[in-house]
Amino acid sequence: MPVEHFEDDDQSYLAWLDAHPDGFVIDRDRTGTTDWYLHRASCAQVHDRSDPRRLWTHERLKDCAPGADPLVAWAMRAGAELLHCGQCRP
């Protein structure tokens, strides 16, 4: 399962979420390997569309996969500390 990365491309990111409602998302800071969070694709933290002006992939990057395992492996290879969302509990 490939990991798809989204940076400054909200339209593609939201289309990925629509196509993979049972998928997983890493929401991460642009500056390095800290502040990385694993979420379910359905989690409001990474999928709340109540504000149509919200920018999803501009301040924080998104990495997505149909399953959690490829994302966990990718984060480990990057040397990131991957935290799990307390809301959706992936």
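The structure this text deals with has already been given above.
Owing to the predicted nature of the structure, the values given are computational and were not obtained by experimental measurement. (Residues numbered from 1 in each chain as written. Predicted model: local features only at pLDDT ≥ 70, side-chain atom pairs only at ≥ 80, totals over all residues. Heavy atoms only, no water.)

## Considerations on the packing of aromatic side chains
Part 1 of the argument: The full count for this structure, using the stated rule, is 3 aromatic pairs.
Part 2 of the argument: For the ring pair Tyr 13 and Trp 56, a centre distance of 6.3 Å and an interplane angle of 45° mean the geometry is tilted. With a gap of 43 residues between them, Tyr 13 in helix H1 (residues 10–19) and Trp 56 in the loop between helix H2 (44–47) and strand S4 (60–65) connect regions that are remote in the sequence.
Part 3 of the argument: For Trp 56, a relative accessible area of 3% puts it in the buried group.
Part 4 of the argument: An angle of 20° between the planes, with centres 5.1 Å apart, marks the rings of Trp 36 and Trp 74 as stacked. Here Trp 36 is found in strand S3 (residues 36–40), whereas its partner Trp 74 is found in helix H3 (residues 68–78), with 38 residues between them in sequence. The same class applies to Trp 36 and to Trp 74, which are both buried.
Part 5 of the argument: Three or more aromatic residues link up through ring pairs in this structure, and these residues are Phe 6, Tyr 13 and Trp 56.
Part 6 of the argument: Its end group placed over the ring of Tyr 13, Lys 62 keeps NZ or CZ at 5.8 Å from the ring centre. (Phe/Tyr/Trp six-rings, centres within 6.5 Å; stacked < 30°, edge-to-face > 60°. Helix = DSSP H or I, 4+ residues; strand = E, 2+ residues; numbered from the N terminus. Buried < 20%, exposed > 50% of the residue type's maximum accessible area, 1.4 Å probe, protein only. Lys NZ or Arg CZ within 6 Å of the ring centre and 35° of its normal.)

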